[in-house]
Amino acid sequence: MKPALAIKNLTVSYDNHPILHNLNLSIDQGSLVAFVGPNGSGKSTLMQSIMGLLPSSGTIAIFDQPSQYQRHKIAYIPQRSCVDWTFPISAFDVVMMGRYGHLKFGQRPSDQDRIITQQALEKVALTKIANQPIGQLSGGQQQRVFLARALAQQADMYIMDEPFAGVDRVTEEIMLNLFLQLKQDKKTIIVVHHDIMTVKKYFDSVFLMNRKIIAHGPTATTLTAANMNQTFRSCIDIHDLNFL
Ligand code: ADP
Ligand code: MG
């Protein structure tokens, strides 16, 4: 089977200073993959590069085609800190934005688009607050709105940058269940995530990164104390890892 995502020799720099250098990786279709690494290790940079939001060199293939022709197949949820939450728009309209890629230029959303939007809101248990401005919602509800927008997009690949940061338990549960459903539908789900316990419980495989890929593979065999120590070198004490 062709990989969902194949990255070769990816180099990304800020102000001529390379953050990622000749990075290579491949992710199978239908997998639920976590990216784990300390702050500043280049996780968001990598996700933004996949989405074509940063200048980079190297090649990124999505479903075996150059990424520039394939990005409509990806639903991307950026890190919360990168979103302007004061923008005056209702939850429903944010989710409807997921349908825009399916519309022709100048075309208005159809009844079918509205139904898909409504269904996406139902899947994240937010129908009651659909008309509220996103700025008035809790952190967990805001994250669910973005997840609903991703669902409405009916993408083949989902890239989510720290979707669990600052969310409540209900939201966490809804998101994890949706990931498992998306996986059953053979979607590819890539999640930047911190909590090793949930990575172990829910994810098939993991990439440990710190400016480069330190280790990758099935969670059970990759989240070893040695690999974690190498990834988080000088960030945490190895004694904090005694649950591994
Ligand atoms: P992570 O998501 O793993 O915390 P990032 O990809 O956000 O890491 O950042 C990786 C490195 O690149 C950090 O050292 C960060 O300071 C730097 N960086 C991120 N964005 C920019 C930017 N827009 N301009 C300059 N440096 C940046
Ligand atoms: Mg980040």
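Residues numbered from 1 in each chain as written. Chains lettered and ligands numbered in written order. Predicted model: local features only at pLDDT ≥ 70, side-chain atom pairs only at ≥ 80, totals over all residues. Heavy atoms only, no water.

Engineer: How do you make sense of the overall build of the chain when you look at a structure like this?
Structural biologist: From N to C terminus, the chain includes 8 helices and 10 strands. The C-alpha atoms of the chain give a radius of gyration of 18 Å, which matches the 18 Å a tight globule of 244 residues would have. Principal-axis analysis of the C-alpha atoms gives the chain an extent of 55 × 40 × 40 Å. Per-residue burial over the chain gives 51% buried out of 244 residues. (Helix = DSSP H or I, 4+ residues; strand = E, 2+ residues; numbered from the N terminus. Rg over C-alpha atoms; globule rule 2.2 N^0.38 Å. Buried < 20%, exposed > 50% of the residue type's maximum accessible area, 1.4 Å probe, protein only.)

Engineer: What is the right way to look at the sheet that holds strand β2 (residues 17-27) in this model?
Structural biologist: Strand pairing within a sheet occurs via backbone hydrogen bonds; the two strands may be parallel or antiparallel. Taken in spatial order, the 4 strands make up an open sheet running β2-β1-β4-β5, and their pairing is antiparallel. The open sheet has two edge strands, β2 and β5 (65-66), and neither has a second partner. Here strand β1 (residues 5-14) pairs with β2 via 7 bridges, running antiparallel. By the bridge assignment, S13 is partnered in β2 with P18. (Pairing = 2+ DSSP bridges.)

Engineer: Quick question: what am I supposed to make of the layout of surface pockets here?
Structural biologist: Where empty space is left becomes clear once a probe the size of a water molecule has been rolled over the atoms. Taken as a whole, the largest pocket spans an internal volume of roughly 230 Å³. What lines the largest pocket is a set of 14 residues, and nearest its centre among them are K123, L151, Q154, Y158 and L182. Looking at the lining of the largest pocket, the elements that each hand over two or more residues are α3 (111-123), α4 (139-152) and α5 (169-184). (1 Å grid on protein atoms, 1.4 Å probe; cavity = no way out; pocket = protein on both sides within 12 Å on 5 of 7 lines; lining within 4 Å. Points joined across faces, edges and corners; volume = space filled by probe spheres on them.)

Engineer: It is not clear to me how the pairing of strand β9 (residues 205-209) should be interpreted in this structure. Could you clarify?
Structural biologist: Along any regular strand the residues' side chains alternate between the sheet's two faces. A large share of β9 lies buried, amounting to 5 of its 5 residues. Both faces of β9 are covered, namely the face carrying S205, F207 and M209 and the face carrying V206 and L208. The pairing of strand β3 (residues 32-36) with β9 spans 4 bridges and is parallel. Along β9, the bridge assignment pairs V36 with L208. Joining the antiparallel neighbours β9 and strand β10 (residues 213-218) is a turn of 3 residues, in which R211 adopts a positive phi near 70°.

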